[in-house]
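# Geometric and topological summary
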Amino acid sequence: MPYRLTVIGTGYLGITHAASMADLGFEVLGLDVDPDKIARLNAGELPIHEPGLEPVLRRGLASGRLRFTTSYEEVAAFGDVHFVCVGTPQKRGEYAADVTYIDNAIEGLAPLLDRECLVVGKSTVPVGTAERLADKLARLSPAGAEAELAWNPEFLREGFAVHDTLHPDRIVLGVRTERAEKMLREVYEPLGEVPIVVTDYATAELVKTAANAFLATKISFINAMAEVCEAAHADVELLSKALSYDDRIGGRYLNAGLGFGGGCLPKDIRAFMARAGELGADQALTFLREVDAINMRRRARMVDLARELAGGSFHGCTVGVLGAAFKPNSDDIRDSPALAVAVAIGHQGGKVTIYDPIALDNARKAHPELNYGESAVEAVRGAHVVLLLTEWQEFVDLDPEQLGGVVAARRIVDGRNALDAENWRSAGWHYRALGRP
Ligand code: UDX
């Protein structure tokens, strides 16, 4: 009999993991403490925007292999392998991660575990958390050592969540026993040939944080080069292209622009610094402070450039903003560079109107004080300056001539180096971009 799986927490990670595992043929029971979310999921409705996930969810529900519940009793009785996929947001006013939801999950589940099973953490956590949770699990579960903990970090990207879950670059298994390793190898066997790295808990936890720290550093590296390019009248786009031909460097995550945001990279590098500090290894990660600072400076630079184009002040100036999501193909506005820029310009007196293909509702809820347009054309109508802040394909495909017909002045700042500068300039636009002459 294949193992029966449960997934605790139904955010991006949990929903995708539950639906994908059901698609692979497992019986899966998902849990969340939010009854509204559970009702929507059981009705085949996604509470998030994630391309390709809804059909997988619906297939799972229709097959009878996938269900969602709010009951820990049901989950404990059902599962052989319990995946913990709850969020670990940044603590308010601190760098450290808030692991309350993980502790709540273990405290909800453990006292009900009365038979052999595996509890598998997938959430991104400060190193040392797994060891602490393993003790807690052993203390609270009636099954004792029969209920074991493993750590199995997840590397999925929003927008590619299903693909990344079904075709991972690697699988990392932080385990204490051969039994745990064997169980997880069986669970992931349907994925076919995937490199598997077996580690202790701490290494497994660190792989995830190190991967995100590397990606953030790579983005901030090219954005630091963009700052130098601006000062030296050089072109960071061509610089990046030339660097990318070196296999050792590679071209991915080397796009200069407004920098990184979202629910992971910013908070993960901060939590990493905080944890290193607790461990007495803070010096090792002081460079991440610089990575964070470079990233935040891009937002400030964008506001400065926009103000410059507005003639030195935003007062009496209409600014059309294209993009609110932290990246294209997502409705996620968590720590979105685009929204941060829009809000800052609003604070400085600009009349900001935003359009985003999918994140508009989320943006409107978070920032009701800003204006919203129902299309790119609506958002830039009458604008003195247009800002492209999220590189949706829809924006890349915009016709500069058509847009030029509705704005008050043909001035655009390309915050993502996504547009064809020549095309826009030859349509009479004053085109500026980060890191380019
Ligand atoms: C990231 C990691 O990629 C993923 O492995 C991890 O599990 C979670 O965090 P995600 O947050 O979905 O995934 O976004 P990602 O596609 O990595 O982009 C992060 C941010 O970096 C976005 O704001 C994006 O616009 C920005 N970015 C990315 C750049 O500014 N330049 C680049 O070259 C690449």
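Scope of this entry: the structure provided in the associated data block. Values in this document were obtained by computation on a predicted structure and should not be read as measured data.

Our next topic: helix α13 (residues 337-347). Burial in α13 covers these residues: P337, A338, L339, V341, A342, V343 and I345. In this fold, the buried residues of α13 make contact with α12 (286-309), β9 (318-322), β10 (351-355), α14 (360-366) and β12 (385-388). Positioned one or two residues after α13, G349 has a phi angle of 100 degrees, which is positive.

Time to look at the packing of aromatic side chains. Each aromatic ring pair is described using two quantities: the centre-to-centre distance and the angle formed by the ring planes. The tally for this structure, following the rule as stated, stands at three aromatic pairs. Between Y355 and F395, the ring centres sit 6.0 Å apart and the planes meet at 65 degrees, which makes this aromatic pair edge-to-face. Taken as a pair, Y355 in strand β10 and F395 in helix α16 (residues 393-396) lie far apart in primary sequence, 40 residues in all. Overall, the relative accessible area of 0% leaves F395 in the buried class. With 5.0 Å between their ring centres and 70 degrees between their planes, W424 and W429 make a pair best called edge-to-face. Exposure remark for W424: the relative accessible area of 2% places this residue in the buried category.

The next thing to look at is the packing of helix α1 (residues 12-23) against helix α3 (residues 53-63). Axis separation between α1 and α3 bottoms out at 8 Å; the angle between their running directions is 55 degrees. Considering the angle they form, α1 stands oblique to α3. Once α1 is placed against α3, the crossing between them reads as left-handed. Between α1 and α3, the contacting residues are I15, T16, A19, S20, A22 and D23 on the first element and L53, V56, L57, R59 and G60 on the second. For the contact of α1 with α3, a count of residues per class yields six nonpolar, three polar and two charged.

Further remarks concern the site of the ligand. Among the 20 residues in the neighbourhood of the ligand, the closest are listed as F155, L156, E158, Y253 and K327. L254 places a polar main-chain atom, nitrogen or oxygen, 3.2 Å from an oxygen atom of the ligand. For the ligand, whose accessible area on its own is 670 Å², the fraction buried by protein is 91%. Per element, the largest residue contribution to the shell around the ligand is four residues, and it comes from helix α9 (residues 201-232). Each residue belonging to the shell around the ligand can be placed in one class, and the counts come to ten nonpolar, four polar and six charged.

Let's shift gears to empty space enclosed by the protein. If you walk through the whole model with that rule in mind, you get one cavity of 30 Å³ or more. In terms of lining, the largest cavity is formed by A97, T124, V125, P126, T209, D268 and A271. A per-class count over the lining of the largest cavity returns four nonpolar, two polar and one charged. When residues of the lining of the largest cavity are assigned to domains, at least three map to each of domain 1 (4-199) and domain 2 (209-292).

The backbone of Y253 shows a phi angle near 60 degrees, a positive value even though the residue is not glycine. Tracing the sequence through the fold places Y253 in the loop between α10 (236-244) and α11 (265-278). Residue Y253 is classed as partly exposed on the basis of its relative accessible area of 31%.

Here six strands make up an open sheet; going across it, the order is β11-β10-β9-β12-β13-β14 and the pairing parallel. The sheet terminates laterally at β11 (371-372) and β14 (430-433), the two strands that pair on one side only. Here strand β13 (residues 411-414) runs beside β14; their pairing, made up of four bridges, is parallel. Bridge pairing in β14 places I412 opposite Y431. Each of β9, β10 and β12 is contacted by α13, which is oriented at about 160 degrees to β10, the strand it contacts most.

Scoring rules and cut-offs
- Residues numbered from 1 in each chain as written.
- Predicted model: local features only at pLDDT ≥ 70, side-chain atom pairs only at ≥ 80, totals over all residues.
- Heavy atoms only, no water.
- Buried < 20%, exposed > 50% of the residue type's maximum accessible area, 1.4 Å probe, protein only.
- Helix = DSSP H or I, 4+ residues; strand = E, 2+ residues; numbered from the N terminus.
- Contact = heavy atoms within 4.5 Å.
- Phe/Tyr/Trp six-rings, centres within 6.5 Å; stacked < 30°, edge-to-face > 60°.
- Axes fitted to C-alpha atoms, helices over the stretch in contact; angles between N-to-C directions.
- Parallel < 35°, antiparallel > 145°, perpendicular 65-115°, else oblique.
- Left-handed = near helix turned anticlockwise from the far one by under 90°.
- Nonpolar A, V, L, I, M, F, W, Y, C, P; charged D, E, K, R; others polar.
- Near = heavy atom within 4 Å.
- Polar contact = N/O pair within 3.5 Å; in protein donor to acceptor, adjacent residues only side chain to side chain.
- Areas by Shrake-Rupley, 256 points an atom, 1.4 Å probe, with all protein chains shown as cover.
- 1 Å grid on protein atoms, 1.4 Å probe; cavity = no way out; pocket = protein on both sides within 12 Å on 5 of 7 lines; lining within 4 Å.
- Points joined across faces, edges and corners; volume = space filled by probe spheres on them.
- Domains from an automatic or database assignment.
- Pairing = 2+ DSSP bridges.

Without other data, these values stay purely geometric and don't point to any function.
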